[in-house]
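Results of the structural survey
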Amino acid sequence: MLYREAGQFKSSYAEDQQIFPILQDRIGMIVLLAVAFIVVPTIGNQYWLSAILTPFLVVSLAAIGLNILTGYAGQLSLGTAAFMAVGAFMAYNAELRIPGMPILGSFIIGGLCAAAVGIVFGLPSLRIKGFYLAVATLACQFFVLWAINRVGWFSNHSSSGVITAQKVEILGYTFATPVSKYLLTLSIVTVMALLAKNLMRSETGRAFMAIRDMDVAASVIGIPMMKTKLLAFAISSFYCGVAGALYAFCYLGTVEPEAFTLDLSFRILFMIIVGGVGSIMGSFIGAAFITLLPIFLNLASDLIASALSIEIPHAIVSNVEAIVFGGLIILFLILEPHGLARLWQIAKEKLRLWPFPH
Amino acid sequence: MRETEMTEGRLQAAERAHRIGGVILAVESVSLSFGGVKALSEVSFDVREHEVRAIIGPNGAGKSSMLNVINGVYHPQKGTIRLQGREFNDMDSHEAAKMGIARTFQNIALFKGMTVLDNVMTGRNLKMRASFLEQALWYGRARREELEHRRAVEEVIDFLEIQHIRKTPVARLPYGLQKRVELARALAAEPKLLLLDEPMAGMNLEEKQDMCRFILDVNDHYGTTIVLIEHDMGVVMDISDRVVVLDYGRKIGDGTPEEVRGNQAVIDAYLGVAR
Amino acid sequence: MNVSFFFEVLAGGLLAGVMYSLVALGFVLIYKASGVFNYAQGSLVFLAALCFVSMLEGGVNFWLAILITLAVMVVLGVVIERVVLRPLVNQPQITLFMATIGLSFVLEGISQIIWGSQPHGLELGIQDVPMEWLSEKTNINISQFDLFAALVAGVLVAALAVFFHKTRVGRALRAVADDHQAALSVGIPLQHIWTIVWAVAGFVALVAGLMWGARNGVQYALTFVALKALPVLILGGFESIPGAIVGGLIIGASEKMAEVYLGPAVGGGIESWFPYVLALAFLLVRPQGLFGEKIIDRV
């Protein structure tokens, strides 16, 4: 009843190509944005804003980046965290060493540096595929982390490699409170998500998917393999770099290289598997799922502990978390390789008919 | 094919004959080997503009290899390929596409993760000029191009009668329709030369008739020069202007369908008893 | 340039490489037989070592503990094949690889819940001290333990080579690795084969776990040896048992040499990435590794 498409005719190709062609979807999106931009900052408490929502947005952005490379272009990458680290540390250095650099400019520089690193470590993709390429990205992950740790310049020669992100100030306004940081992150992420969506529904997105599905055929119809693959690495790394910069400036504050380990790369990979590869929306869904799951597990274990009057040590909870993560990945790969985004689509298709059976 | 359709086909062939122009593709003494295996030995033939040229022969004769050489996928060890007078032996498939050659494959090479519309749109990729930044902003030139090319693609979709499945993921389509989508993608590129590798393989009679009709329509409507590999002799005799016959990598026949049909070497190697 | 020091470093590197090969062998086995790149091999090594050492500490006899752990690995292999591999039978390699990543998380979580997360020491009776007669004669220090590990690896490789090439089961395994469908169509029982393979891989994991556990202690960091095995596999080719050994030797030696001779110039600690970059460079020149089979893309 609610989700009827009947009566919504598209009389031009422009209408057919909208991101949300169905009116109900558009309304839903507007409501969601209204809630995110207006309701949440008003009623949200500090803890949720600073410890859950802001990092959720940051990893969503990184997930979008990884999705562009792995989901759309089919190049498996295990080096996501390394690109984020480049973004974080280079944004810090740009802010530190270039006088008068606006903070958004530093973020962009962080992203561009990450893109450059992405291109370098993406060069092997021209010769190697599949999990061989994953190994190349692992090389990137380990090398970048080592470089940031050992080369003093990156951390301004601090003895432990730890940096403290500078304050975020745009046009004289300092973003210091959780609410302001949340809104800044939300704005940046929303804009970049929109840009990504536009890109993926244009020729670039199609070229990426062609490379993913059958790169020999793509080359035969004229799609340039090298340019396209490197572009995928560049754009994806740019997104991860900006995410890293946001991670440092709007969430962590004090940043150590160990915040960007292989474990984080895996987490983001899990996000796109669960959320949906090849889907911008899926990146958000997966990020939400993976971010909220530990919280949920903690709550559940607290409830069980108090109900049964026993102590559940923290180690057990974190191991259960690992088991659940791993188990979910296997489950999703078996049942719905296209993740929650696909399940959502199926649900909407069913909703179109509801309450009728067919 | 039945008698009436064959007569109609021949009439159309006569009409088409006067439209055929000069040589657009010249294959000169091409030899191709893989390791020790000689796929092609000194094959020479030409293709004229606007004609339908068939390549026939038993399995393993080197037909697909010939197509791959024309297309730039394989590079011949000896011999030359000339497209519109321009020599290109070392061009790769990407450059061949730029020069206006499009093709379909024996085992369908569609992009299984995309819809029909997206697949056909990829055929337009060489004509798209907007940079990725413009595309990200969905502004100005990028937006206009997307709409323009959508319009062009919809024409091809109408032409091949696949409107009803344009939003379907290609992986879900039956084999016959997938072949048609692949043809659409090749056509979307507005090619000068269209290479079809067994476009009717695995189809039933009805599907074959449809595909024949489409191929002829493409040749009539767009004037595209077509080179096709085909096993169904009825189809070959009916729709092609000239035929090349390959056997064990060598050319054993070259001429109009009637000439080739009567050629003893061809009969011995491939056709069997002349009807 | 001290020659005997050079030999010491080289020998140490080669022997360290043998340790990597032990882990790589498990990967090769599974890849050879099922085409699956088993990221969870490191977790299997960890689990095997942890299971064994916990039983030892609980007072169980050494050889009995080995038997029990072996049984556990076999059962685990059966379960993994049934629950993870069978449902994913026709999926692309990448999907299976990602499933094994998930599997590694599950195995690590389970291991630590059952056996706890404190490090354990493991004594095999052979000390990690230089061989006296060698040091006295030539001033080169080579660890007894490393040599023992090399010996174990050598025996294991020989046994596996015989198994694969001389027995009927081995032949069936090679058939399955080549083409599942074809193997099925000549009557090879796929499920049994995979169970056997994972069991053998489990055994190899146990041996690797014992060796690594004895040298570095049985602790969570053990799972990371799998990450060291990846460059070995790239160099040696994913389907080759001799490749795993040769690859291991090359990686081990070059890693040690780079650390000793290049490291100080760039601040040290380069062994975290050097094998990977080396493997990467190698991939660019020869994508299939030294002994692997060439990958051909047909359209």
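Structure shown above.
These remarks concern the structure in this document. In this text, all values refer to a predicted model and were calculated from it rather than measured experimentally.

**Re the overall build of chain B**
Looking only at helices and strands, chain B features eleven helices and ten strands. Here the C-alpha atoms of chain B give a radius of gyration of 19 Å, agreeing with the 19 Å that 2.2 N^0.38 yields for 275 residues. With respect to the principal axes defined by its C-alpha atoms, chain B has extents near 65 × 45 × 35 Å. Split into buried and exposed, the 275 residues of chain B put 54% on the buried side.

**Overview of the nonpolar core**
One finds Met84(A), Leu246(A), Phe260(A), Leu269(A), Phe37(C) and Phe97(C) to be the most contacted residues of the largest nonpolar core, which totals 212 residues. Beyond its immediate stretch of four places on either side in the chain, Met84(A) contacts Val58(A), Ala62(A), Cys240(A), Gly241(A), Ala243(A), Gly244(A), Ala245(A), Tyr247(A), Phe260(A), Leu264(A) and Ile268(A). The next biggest cluster of nonpolar side chains, apart from the first, holds 48 residues, and it includes Ile162(B), Leu183(B), Met200(B) and Val218(B).

**Section: the interface of chain C and chain A**
The partner chain A presents 36 residues to the 44 residues of chain C that form the contact. Both faces combined, the contact of chain C with chain A buries some 3700 Å², and carbon together with sulfur accounts for 82% of it. Of all residues in chain C, the largest losses of buried area upon contact with chain A belong to Met98(C), Phe105(C) and Trp273(C), amounting jointly to 17% of the total for that side. Counting across the interface, chain C meets chain A through zero salt bridges. For the pair chain C and chain A, the number of links is zero residue pairs in polar contact (both at pLDDT 80 or more). Where the side of chain C that touches chain A is concerned, the elements lending two or more residues are α3 (62-85), α4 (93-115), α10 (225-236) and α12 (274-285) of chain C. Across the side of chain C that touches chain A, the residue classes break down as 32 nonpolar, nine polar and three charged.

**Some remarks on the packing of helix α1 (residues 3-34) of chain C against helix α11 (residues 241-266) of chain C**
Residues and elements named next belong to chain C. It is the contact of α1 with α11, at a shortest axis distance of 6 Å, that shows an interaxial angle of 140°. Classified by the interaxial angle, the pair formed by α1 and α11 is oblique. In the packing of α1 onto α11, the handedness of the crossing is right-handed.

**Things to note about the pairing of strand β7 (residues 193-197) of chain B**
All names here are of chain B. Counting buried positions along β7 gives five out of five residues, so the element sits mostly inside the fold. By the alternation rule, side chains of β7 split into Leu 193, Leu 195 and Asp 197 and Leu 194 and Leu 196, which are all buried. Where β7 meets strand β8 (residues 225-229), five bridges bridge the pair, whose relative direction is parallel. Across the sheet, Leu 195 pairs through a bridge with Val 227, a residue of β8.

**Section: the sheet that holds strand β10 (residues 250-255) of chain B**
Residues and elements named next belong to chain B. Sheet architecture is open: six strands sit in the order β6-β7-β8-β3-β9-β10, paired in mixed fashion. The open sheet has two edge strands with one neighbour each: β6 (101-104) and β10. Neighbouring strand axes in the sheet, compared pairwise and without regard to direction, differ in orientation by 15° on average. Here strand β3 (residues 52-56) runs beside β8; their pairing, made up of four bridges, is parallel. Counted as the bridge partner of Val 52 is Ile 226 from β8. In this fold helix α2 (residues 63-71) packs onto β3, β6, β7, β8 and β9 (242-247), with an angle of close to 150° to the strand it touches most, β7. In the packing of helix α11 (residues 264-271) onto the sheet, the strands contacted are β3, β9 and β10, and the crossing angle to β10 comes to about 120°.

**Quick look at the interface of chain B and chain A**
Listed by partner, the interface residues are 34 residues for chain B and 28 residues for chain A. Taking both partners together, chain B and chain A bury about 2800 Å²; carbon and sulfur atoms supply 61% of that area. For the interface between chain B and chain A, the tally reads one salt bridge. Where chain B meets chain A, there are seven residue pairs in polar contact (both at pLDDT 80 or more). If you list the elements that add at least two residues to the side of chain B that touches chain A, you get α3 (93-98), α4 (116-122), α5 (132-137) and α6 (140-159) of chain B.

**Quick notes on the side chain of Asn125(B)**
Secondary-structure assignment places Asn125(B) in the loop between α4 and α5. Within the structure, the side chain of Asn125(B) is placed 3.1 Å from the backbone oxygen of Ile221(A), a separation counted as a polar contact. Excluding residues within four positions of it along the chain, Asn125(B) makes contact with Glu203(A), Ile221(A), Gly222(A) and Ile223(A).

**Details of the pairing of strand β4 (residues 78-83) of chain B**
Residue and element names in this part refer to chain B. Alignment of strand β1 (residues 23-34) against β4, held across five bridges, turns out to be antiparallel. Along β4, the bridge assignment pairs Ser 31 with Lys 78. In this structure, the hairpin formed by β4 and strand β5 (residues 86-87) is closed by a connection of two residues, where Gln 84 is found at a positive phi of approximately 50°.

**Description of the packing of aromatic side chains**
Residues and elements named next belong to chain C. In total, this model carries 27 aromatic pairs over all chains according to the counting rule given. Aromatic pair Tyr 31 and Phe 238: ring centres 5.4 Å apart, planes at 45°, arrangement tilted. In this pair, Tyr 31 sits in helix α1 while Phe 238 sits in the loop between α10 and α11, placing the two residues 207 residues apart along the sequence. The class for Tyr 31 is buried, based on a relative accessible area of 11%.

**Points about the sheet that holds β5(B)**
In a beta sheet, neighbouring strands are held together by backbone hydrogen bonds and run either parallel or antiparallel to one another. Residue and element names in this part refer to chain B. One open sheet accounts for four strands, arranged β2-β1-β4-β5; its pairing is antiparallel. The two strands at the open ends of the sheet, each matched to only one other strand, are β2 (37-48) and β5. Of the strand pairs in this sheet, β1 and β2 are connected by eight bridges, and their pairing is antiparallel. Note that in β2 the partner of Leu 25 across the bridge is Val 47. Against the sheet, α2 contacts β1, β2 and β4, and its axis sits at roughly 115° relative to β1.

What counts as what
Residues numbered from 1 in each chain as written. Chains lettered and ligands numbered in written order. Predicted model: local features only at pLDDT ≥ 70, side-chain atom pairs only at ≥ 80, totals over all residues. Heavy atoms only, no water. Helix = DSSP H or I, 4+ residues; strand = E, 2+ residues; numbered from the N terminus. Rg over C-alpha atoms; globule rule 2.2 N^0.38 Å. Buried < 20%, exposed > 50% of the residue type's maximum accessible area, 1.4 Å probe, protein only. Core = buried A, V, L, I, M, F, W, Y, C linked by side-chain atoms within 4.5 Å. Contact = heavy atoms within 4.5 Å. Buried area = accessible area lost by both parts, 1.4 Å probe. Salt bridge = Lys/Arg side-chain N within 4 Å of Asp/Glu carboxyl O. Polar contact = N/O pair within 3.5 Å; in protein donor to acceptor, adjacent residues only side chain to side chain. Nonpolar A, V, L, I, M, F, W, Y, C, P; charged D, E, K, R; others polar. Axes fitted to C-alpha atoms, helices over the stretch in contact; angles between N-to-C directions. Parallel < 35°, antiparallel > 145°, perpendicular 65-115°, else oblique. Left-handed = near helix turned anticlockwise from the far one by under 90°. Pairing = 2+ DSSP bridges. Phe/Tyr/Trp six-rings, centres within 6.5 Å; stacked < 30°, edge-to-face > 60°.

Scope: geometric values only; no functional claims are made or implied.
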